[in-house]
Amino acid sequence: DVHAVPFRRGTTGALVGVVAVLHDITEIRRLEQVRREFVANVSHELKTPVTSLKGFAETLLDGAMYDEKTCRAFLEIIYEESERLSRLIQDLLQLSQIENRQITLRKGLLSARDEVADVVRLVAHTAEAKRQTVENRVPEGLRVYADRDRLRQILLNLLNNAIAYTPPGGRITLTGGEDADSTWLTVRDTGPGIPREHLDRIFERFYRVDKDRSRRSGGTGLGLAIVKHLVDAHGGRIEVKSKPGKGSAFTVHLPKPEGTEGETGDR
Ligand code: ADP
């Protein structure tokens, strides 16, 4: 085998070099593939609501508008679909800003309990409509080192999912704590849970366990991808634990500021 000769004769360095190049090409191919799939997904996700907007508007113009009840029902659908479309565009813009590193984090030490309380207030109305209880059990005095707006976005996306996927009457609990080098916050729900085989993939853009349920809940399929990016930008990590039928728990770990690792308690 002629091709093998230079490898055997050459230095180990050359061999490693060749292997590394092959590896890089595989990685580039993979990224191209991911990119192609993403563009296809975005096009599909945009097309669906637009098709529906067009269809309902056409039917109204064709005469359905003269029946007041039908008119109202169709306009409501048109309104909801445009809302979803605008959420999708907003999420896409946000994702691309994070991916292009166009965001600068303004990190500070925040009261975890207060931040959670503010976000809980934002979703209180939606939870109430589903007769769900949302409980803030984050201890007083717990500090988290984060960019306030981004942290709120992380918590809001997790809370919105918990509310959307948990059936009426369910319970959502927020807890927090710290270990030697990070502060953690958990959003736990009593929803349907996520089957083990999907757990690794739910942070991918547009990945959904159940497409119909996600659509009905008004989801864009980007919420967790945004969460993951924001957590990564903070140098943190996110974990999910779930038992189908029992609920899900998403835990965000954010590193403490340099030089304070190991300190615990009130600061
Ligand atoms: P979506 O807009 O579809 O909610 P996300 O990126 O926020 O998109 O979530 C991805 C998928 O993960 C959802 O479609 C859903 O299948 C699953 N998921 C997320 N959070 C929960 C949860 N709390 N309980 C059950 N399933 C969840």
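Small disclaimer: the values here were computed from a predicted structure and weren't measured. (Residues numbered from 1 in each chain as written. Predicted model: local features only at pLDDT ≥ 70, side-chain atom pairs only at ≥ 80, totals over all residues. Heavy atoms only, no water.)

Draft legend 1. Molecular detail of the site of the ligand. Looking at the ligand, there are 19 residues lining it, with Asn161, Tyr165, Asp189, Ser214 and Gly221 nearest. At 3.0 Å from an oxygen atom of the ligand is found a main-chain nitrogen or oxygen belonging to valine 209. Within the contact set of the ligand, an oxygen atom lies 2.9 Å away from a backbone nitrogen or oxygen of threonine 220. When the free accessible area of the ligand is taken as 540 Å², the share hidden by the protein chains comes to 97%. Among the elements of the structure, α5 (148–165), α7 (223–233) and β7 (247–255) are those that each provide at least two residues to the shell around the ligand. For the shell around the ligand, the leading source of residues is α5, giving 3 residues. Its residues assigned to classes, the shell around the ligand comprises 9 nonpolar, 8 polar and 2 charged. (Near = heavy atom within 4 Å. Polar contact = N/O pair within 3.5 Å; in protein donor to acceptor, adjacent residues only side chain to side chain. Areas by Shrake-Rupley, 256 points an atom, 1.4 Å probe, with all protein chains shown as cover. Helix = DSSP H or I, 4+ residues; strand = E, 2+ residues; numbered from the N terminus. Nonpolar A, V, L, I, M, F, W, Y, C, P; charged D, E, K, R; others polar.)

Draft legend 2. Representation of the side chain of aspartate 147 within the structure. Note on placement: aspartate 147 falls in strand β3 (residues 143–147). Of the buried charged residues, aspartate 147 lacks a salt bridge, with arginine 150 as the closest side chain of opposite charge at 4.1 Å. Ignoring anything within four residues of it in the chain, the contact list for aspartate 147 reads Thr104, Leu105, Arg106, Lys107 and His234. (Buried < 20%, exposed > 50% of the residue type's maximum accessible area, 1.4 Å probe, protein only. Lys, Arg positive; Asp, Glu negative; His and termini not counted. Salt bridge = Lys/Arg side-chain N within 4 Å of Asp/Glu carboxyl O. Contact = heavy atoms within 4.5 Å.)

Draft legend 3. Structural view of the confidence of the model for the protein chain. Residue-level pLDDT values for the protein chain average 90, and 92% of them are 70 or greater. Counting contacts from residues 1–9, a segment whose pLDDT is below 50, to residues more than four positions away or on other chains yields 3 contacts. Confidence metrics for the complex model read pTM 0.85 and ipTM 0.98. (pLDDT = per-residue confidence, 0-100.)

Draft legend 4. Summary view of the packing of aromatic side chains. All chains considered together, the criterion is met by 3 aromatic pairs. Aromatic pair phenylalanine 38 and phenylalanine 206: ring centres 6.0 Å apart, planes at 25 degrees, arrangement stacked. With phenylalanine 38 in helix α2 (residues 12–61) and phenylalanine 206 in the loop between β5 (182–189) and α6 (211–216), this pair connects stretches of sequence that are 168 residues apart. Accessibility assignment for this pair places phenylalanine 38 and phenylalanine 206 in one class, buried. The ring centre of phenylalanine 38 lies 4.0 Å from the NZ or CZ of arginine 205, which sits over that ring. (Phe/Tyr/Trp six-rings, centres within 6.5 Å; stacked < 30°, edge-to-face > 60°. Lys NZ or Arg CZ within 6 Å of the ring centre and 35° of its normal.)

Draft legend 5. Structural context of the side chain of threonine 175. Tracing the backbone through its elements, the reader meets threonine 175 in strand β4 (residues 171–178). For threonine 175, a relative accessible area of 17% corresponds to the buried category. Other than its neighbours up to four places away in sequence, threonine 175 contacts Arg137, Val138, Trp184, Leu185, Thr186 and Arg188.

Draft legend 6. Up close: the pattern of salt bridges. One pass over the full model with this rule turns up 16 salt bridges. For aspartate 232, the salt bridge identified is with lysine 228, shortest N-O distance 3.0 Å. Here aspartate 232 and its partner lysine 228 are both found in helix α7, 4 residues apart, which amounts to about one turn of the helix. Its relative accessible area of 41% is what places aspartate 232 among the partly exposed residues. Lysine 228 sits in the partly exposed class, given a relative accessible area of 30%.

Draft legend 7. Looking closely at a nonpolar patch on the surface. A surface patch of nonpolar side chains, about 320 Å² in accessible area, is lined by Val18, Val21, Leu22 and Ile25. Within the fold, valine 21 resides in helix α2. (Patch = residues over 30% accessible without salt bridge, like charges linked within 9 Å, V, L, I, M, F, W, Y side chains within 5 Å.)

Draft legend 8. Structural context of the sheet that holds β5. With respect to topology, 5 strands assemble into an open sheet ordered β2-β4-β5-β7-β6, the strand pairing being mixed. Both edges of this open sheet fall to β2 (133–136) and β6 (237–243), since each of them pairs with a single strand only. Shown here is a sheet whose adjacent strand axes are inclined to one another by a mean of 15 degrees, direction ignored. In the sheet, β5 pairs with β7 via 7 bridges, with the strands oriented antiparallel. Counted as the bridge partner of leucine 185 is valine 252 from β7. Along the sheet face, helix α4 (residues 112–129) touches β2, β4 and β5 and points at about 175 degrees away from the line of β2. Sheet strands touched by α5: β2, β4, β5, β6 and β7. Its angle to β5, the strand with the most contacts, is close to 20 degrees. (Pairing = 2+ DSSP bridges. Axes fitted to C-alpha atoms, helices over the stretch in contact; angles between N-to-C directions.)

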